Amino acid sequence: MRYNEFNQAIGEALQHYSAGDSPSATLLQGQFCRLEKLSVTKHGHDLFEVYSSPLHYWTYLPLDPFSDRNTFINYLTKLETSKDPYYFSIIDEQTQKAVGTFALMRIDPDNRVIEVGWITYSPILQKTKIGTEAQFLLAKYVFEKLKYRRYEWKCDSLNQASNHAAKRLGFCFEGTFRQAQVYKGRNRDTNWYSMLDYEWESKKLRFQRWLSDDNFDINGQQKVALSTME
């Protein structure tokens, strides 16, 4: 514990600290997928399928699926030009199709804090190696390229799938912000999760063990679940 000249407890000193950079990556390459900076021209056709999926996939997002292609393209154009959130498309290396999007958001370079959010996966992407590898690639970029100190995940406290995903991916639950938002005419209590820079090396090894070929059988089924890996 450190104390100042008034005998008050203070945080640890950070040597040679400086503000971080904002996201600027255009390509993050993986084995099963790659992340590309969202582009209406390159990804719009594929993503319309993602963003017009059945209504039950949209319960916990503050928007509804699109039925009109032109309306969707106008919306996607705004996402493409946005700096915060900074959107990526997830490209399946096997089919070369865009199968989802997510974003780095609430970007705080001064404190080197950033959040992953607006996760919109195609139904065919959910519970796949691609979905997990995409999250791995983004976390790796946050910690190893941007060198941020804190990586956040937030979700509706009632969204069981998102809460499970955060824990499975290695985020630490920190608490619930009560009545944090109103969306779709209802209350949202928000659960907060985080991953810190000094935790990343162990989290990275965990991802790599799960993604390795020897963790999957000839049918592509996992042998050991990521959630059970230490």
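For the structure, see preceding data.
Definitions and cut-offs
Once a new chain begins, its residue numbering starts again from 1 and follows that chain's sequence as written. Local features in this predicted model are restricted to residues whose pLDDT is 70 or higher, and side-chain atom pairs enter the listing and the counts only when it is 80 or higher, whereas totals over whole chains, interfaces and linings include all residues. Neither water nor hydrogens contribute to the side-chain values; these are computed over all heavy atoms in the structure. One requirement defines pairing of two strands: DSSP has to find at least two bridges between them. Each helix corresponds to a stretch of at least 4 residues labelled H or I by DSSP, and each strand to a stretch of at least 2 residues labelled E; elements are numbered beginning at the N terminus. In this description, a line fitted to the C-alpha atoms serves as the axis of each element, helices being fitted only across the stretch in contact, and the angle between N-to-C directions of two axes falls anywhere from 0 to 180 degrees. Small angles under 35 degrees read as roughly parallel and large ones over 145 as roughly antiparallel, with 65 to 115 read as roughly perpendicular and the rest as oblique. Here a crossing is taken to be left-handed if its near helix is turned anticlockwise relative to the far helix by less than a right angle, and right-handed if that turn runs clockwise. Whether two residues touch is decided by their heavy atoms; if any such pair falls within 4.5 Å, the residues are in contact. Any two cysteine sulfur atoms within 2.5 Å of one another count as a disulfide. Whether a residue is buried, partly exposed or exposed follows from its accessible area with a 1.4 Å probe, protein chains only, as a fraction of its type maximum: under 20%, in between, or over 50%, in that order. When residues are sorted by character, Ala, Val, Leu, Ile, Met, Phe, Trp, Tyr, Cys and Pro go into the nonpolar class, Asp, Glu, Lys and Arg into the charged class, and all the rest, Gly among them, into the polar class.

K.L.:
Teacher, can you tell me more about the sheet that holds strand β7 (residues 113-121) here?
P.N.:
Pairing between the strands of a sheet comes from backbone hydrogen bonds, and it takes one of two forms, parallel or antiparallel. One open sheet accounts for eight strands, arranged β3-β4-β5-β6-β7-β8-β10-β9; its pairing is mixed. Looking at strand neighbours, the two that pair on one side only are β3 (27-29) and β9 (172-183), the edges of this open sheet. Mean inter-strand twist for the sheet, computed between neighbouring axes without regard to direction, equals 25°. With seven bridges connecting them, strand β8 (residues 150-156) and strand β10 (residues 186-196) associate as antiparallel partners. Note that in β10 the partner of cysteine 155 across the bridge is asparagine 191.

K.L.:
Even after reading the chapter, I still don't get the packing of helix α1 (residues 40-50) against helix α2 (residues 69-81), so can you show me in this structure?
P.N.:
The axes of two packed helices give the description: the angle between them and the distance between them. The N-to-C vectors of α1 and α2 enclose an angle of 135°; their axes lie 10 Å apart at closest approach. Classified by the angle between their axes, α1 and α2 sit oblique to one another. Regarding α1 and α2, the two cross each other, and that crossing is right-handed. Where α1 abuts α2, its residues Val40, Gly44, His45, Leu47 and Phe48 lie against Arg69, Phe72, Ile73, Leu76, Thr77 and Glu80.

K.L.:
Teacher, can you tell me more about the state of the cysteines here?
P.N.:
Should the sulfur atoms of two cysteines be covalently bonded, the bond is a disulfide. Within this structure, the stated rule accounts for zero disulfides. Cysteine 172 supplies the cysteine sulfur nearest to cysteine 155, a cysteine that is in no disulfide, at a spacing of 13 Å. The exposure class of cysteine 155 is buried, given its relative accessible area of 3%.

K.L.:
Could you clarify how one ought to interpret the packing of helix α4 (residues 160-169) against helix α5 (residues 200-211) in this entry?
P.N.:
One can describe the packing of α4 onto α5 by two numbers: an axis separation of 10 Å at closest approach and a directional angle of 100°. Here α4 lies roughly perpendicular to α5, going by the angle between them. From α4, Lys167, Arg168 and Leu169 reach across to α5, where they touch Arg206, Phe207 and Trp210. Taken together, the residues of the contact of α4 with α5 sort by class into three nonpolar, no polar and three charged.

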